[in-house]
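Each chain is listed here by its residues.
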Amino acid sequence: MARARGHKIVAITSLEHSRRITSRHPSGLRLFEVADVVIDNCGRYGDASVPLPDGAATGPMSTVAGALIVQLVVTQVCGRLLERGIRPPVMVSNNVPEGDAHNEELWARFGARIRPVEP
């Protein structure tokens, strides 16, 4: 659906894991095979990093790696916007005095495109 709307597909996935599994999608394709850009999170097969005595495992590293990767991409995009003289439209913490006023401007400008966080 995203591609049909003219969007690029960016995937964050473990290539080690993904290459070893069979797709459960009717197309037979795996995420990395349909994405325009693939960012390998370097996760291990099965994702979990801490083995448990019964043979199971916990501690999915994709969660940690994914959060780091997304924040690094956002930081790079902001840097590139600043290099072009564009102020990145990022929210400011509501816990600082100027946060509310700054964020209200962004809501007025982009509110129809921003999904509010449900409590």
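## Regarding unusual backbone geometry
Trans is the common state for peptide bonds, and a negative phi is the common state for residues other than glycine.
Turning to step 1, where the next piece is worked out: Positive phi outside glycine occurs at Cys-42, with the angle close to 60 degrees.
Turning to step 2, where the next piece is worked out: A relative accessible area of 65% means that Cys-42 is categorised as exposed.
Turning to step 3, where the next piece is worked out: Phi at Asp-47 takes a positive value of approximately 75 degrees, unusual for a residue other than glycine.
Turning to step 4, where the next piece is worked out: Here Asp-47 lies in the loop between strand S2 (37–40) and strand S3 (48–51).

## Observations concerning a nonpolar patch on the surface
Turning to step 1, where the next piece is worked out: Among the surface-exposed residues, Ile-12, Val-70 and Val-74 lie close enough to one another that they form a single nonpolar patch of about 200 Å² accessible area.
Turning to step 2, where the next piece is worked out: Looking at the element boundaries, Val-74 is found in helix H3 (residues 61–83).
Turning to step 3, where the next piece is worked out: Given a relative accessible area of 39%, Val-74 falls into the partly exposed group.

## Describing the pairing of S3
Turning to step 1, where the next piece is worked out: One ladder, built from three bridges, connects S3 with strand S4 (residues 57–60); its direction is antiparallel. In the strand pairing of S4, Ala-48 is matched with Pro-60.
Turning to step 2, where the next piece is worked out: A loop of five residues connects S3 with S4, the two strands running antiparallel in sequence, and Gly-55 in this loop sits at a positive phi of about 100 degrees.

## Overview of the side chain of His-102
Turning to step 1, where the next piece is worked out: Assignment of secondary structure puts His-102 in helix H4 (residues 99–110).
Turning to step 2, where the next piece is worked out: Beyond its immediate chain neighbours, meaning those up to four positions away, His-102 contacts Arg-87, Val-90, Met-91 and Val-92.

Calculation notes
- Residues numbered from 1 in each chain as written.
- Predicted model: local features only at pLDDT ≥ 70, side-chain atom pairs only at ≥ 80, totals over all residues.
- Heavy atoms only, no water.
- Buried < 20%, exposed > 50% of the residue type's maximum accessible area, 1.4 Å probe, protein only.
- Helix = DSSP H or I, 4+ residues; strand = E, 2+ residues; numbered from the N terminus.
- Patch = residues over 30% accessible without salt bridge, like charges linked within 9 Å, V, L, I, M, F, W, Y side chains within 5 Å.
- Areas by Shrake-Rupley, 256 points an atom, 1.4 Å probe, with all protein chains shown as cover.
- Salt bridge = Lys/Arg side-chain N within 4 Å of Asp/Glu carboxyl O.
- Pairing = 2+ DSSP bridges.
- Contact = heavy atoms within 4.5 Å.

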